[in-house]
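Below, each chain spelled out in residue letters.
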Amino acid sequence: MGTRTTGLREAKKQETRQLISDHATRLFMAQGFEATTISEIAGAARVAKKTVTNYFARKEDLALDHQEEFVAALAGTVSGRAPGESALSALRRAFAEDVARRSPVAGFAGPDFSRMVADSPTLTARLRDLHDLRQEALTRALREATGADAEDITPAAAAAQLGSAYRLLFERIQALTLAGHSNDAIAGRVADEATRVFDLLEPALADYAVA
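Let us look at the structure shown here. (Residues numbered from 1 in each chain as written. Predicted model: local features only at pLDDT ≥ 70, side-chain atom pairs only at ≥ 80, totals over all residues. Heavy atoms only, no water.)

Moving on: the nonpolar core. In terms of nonpolar packing, the biggest core is built from 33 residues, with Phe 95, Leu 138, Leu 142, Leu 162 and Phe 198 touching the most fellow members. Taken together, the elements giving at least two residues each to this core come down to α5 (67-79), α6 (87-100), α8 (121-146), α9 (154-178) and α10 (183-205). Here Leu 138 is in contact with Leu 74, Ala 75, Val 78, Leu 91, Ala 159, Leu 162 and Gly 163, once residues within four sequence places are set aside. Grouped together as the second largest cluster of nonpolar side chains are 24 residues, Ala 24, Leu 27, Ala 42 and Met 116 included. (Core = buried A, V, L, I, M, F, W, Y, C linked by side-chain atoms within 4.5 Å. Buried < 20%, exposed > 50% of the residue type's maximum accessible area, 1.4 Å probe, protein only. Helix = DSSP H or I, 4+ residues; strand = E, 2+ residues; numbered from the N terminus. Contact = heavy atoms within 4.5 Å.)

Turning to the packing of aromatic side chains, a few remarks are in order. Applying the stated criterion to the full structure yields five aromatic pairs. Here Phe 95 and Tyr 166 contribute two aromatic rings whose centre-to-centre distance is 5.5 Å and whose plane-to-plane angle is 85 degrees, an arrangement assigned as edge-to-face. Linking Phe 95 in helix α6 with Tyr 166 in helix α9, this pair joins segments that are 71 residues apart in sequence. Of the two residues examined, Phe 95 and Tyr 166, each falls in the buried class. Positioned above the aromatic ring of Phe 33, the side-chain terminus of Lys 59 is 4.6 Å from the ring centre. Stacked on the ring of Phe 70, the Lys or Arg Arg 134 has its end atom at 4.0 Å from the ring centre. (Phe/Tyr/Trp six-rings, centres within 6.5 Å; stacked < 30°, edge-to-face > 60°. Lys NZ or Arg CZ within 6 Å of the ring centre and 35° of its normal.)

As a further point, take unusual backbone geometry. Backbone geometry at Arg 46 places phi at a positive 60 degrees, although glycine is not the residue there. Considering the arrangement of structural elements, one finds Arg 46 in the loop between α2 (38-45) and α3 (49-55). Here Arg 46 falls in the exposed class, since its relative accessible area comes to 79%. Unlike most non-glycine residues, Arg 102 shows phi in positive territory, near 55 degrees. If you trace the backbone, Arg 102 turns up in the loop between α6 and α7 (111-118).

A pair can form between side chains of opposite charge whenever their charged atoms are brought close. Tallied over the entire structure, the rule returns twelve salt bridges. Linking Glu 193 and Arg 189 is a salt bridge whose minimum nitrogen-to-oxygen distance equals 3.6 Å. In this pair, Glu 193 and Arg 189 are both assigned in helix α10, four residues apart and thus about one turn of the helix distant. Since its relative accessible area comes to 13%, Glu 193 is described here as buried. Residue Arg 189 is classed as partly exposed on the basis of its relative accessible area, which comes to 38%. (Salt bridge = Lys/Arg side-chain N within 4 Å of Asp/Glu carboxyl O.)

Moving on, we come to the environment of Arg 92. The topology assignment puts Arg 92 in helix α6. When the C-alpha positions of Arg 92 and Leu 64 are compared, they lie 24 Å apart, and in sequence the two are 28 residues distant. Excluding residues that lie within four positions of it along the chain, Arg 92 makes contacts with Thr 195, Phe 198, Asp 199 and Glu 202.

Another aspect to go through is the side chain of Arg 126. Counting through the fold element by element, Arg 126 comes out in helix α8. Of the polar contacts made by the side chain of Arg 126, one reaches the side chain of Gln 67; its length is 2.8 Å. Arg 126 has contacts with Arg 58, Glu 60, Leu 64, Gln 67 and Leu 133, leaving out every residue within four places of it along the chain. (Polar contact = N/O pair within 3.5 Å; in protein donor to acceptor, adjacent residues only side chain to side chain.)

Attention shifts here to the environment of Val 52. Summarising the element assignment, Val 52 is placed in helix α3. Its relative accessible area of 0% is what places Val 52 among the buried residues. Separated by 32 residues in sequence, Val 52 and Ile 20 place their C-alpha atoms 7.0 Å apart. Apart from residues lying up to four places away in sequence, Val 52 is in contact with Ile 20, Ile 38, Ala 42, Val 47 and Leu 62.

So this is what it looks like as structure tokens:
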């Protein structure tokens, strides 16, 4: 009975969190991130203002609710790479899979959401922070994967190149979205461009961090 009660409680918390996030996103897209207040979000979700802040420590967290997945994505791909697969090969494969499923983590967020982020200095700055945090997580994963010591700059150098490639492609998807292209058109174009981007990294990183 205790396990079931705990499970129901967690499910209810997750449902409340998603409800708040959905209402927040709707309001942000309708009237802008900066103009929307926590009180308005609480009213729309029919919860107390304190409930909103309990679930979301910062206002930005309400808009960028995939941020934990975003930060962990590249490191997770490296840690889970197949035997004989290099870090570059694994990340190249993962990006192609993200494009194929139009993943929001890759940048497929739709025109309204993308415009909301682009129009908000706060969200734009937070997104830059998330890219930096993702690169730092990738550095740690590469250091562990290669057994490099703390003084070795190589994992950080590799992460800088790989993280920059992902950041470039993410921003490309966002720019094409804001220019009015459909997700299917963007996917076809970015898939070709990603081939060129990752090809440029092959000479330096083709054999780096092979599992």
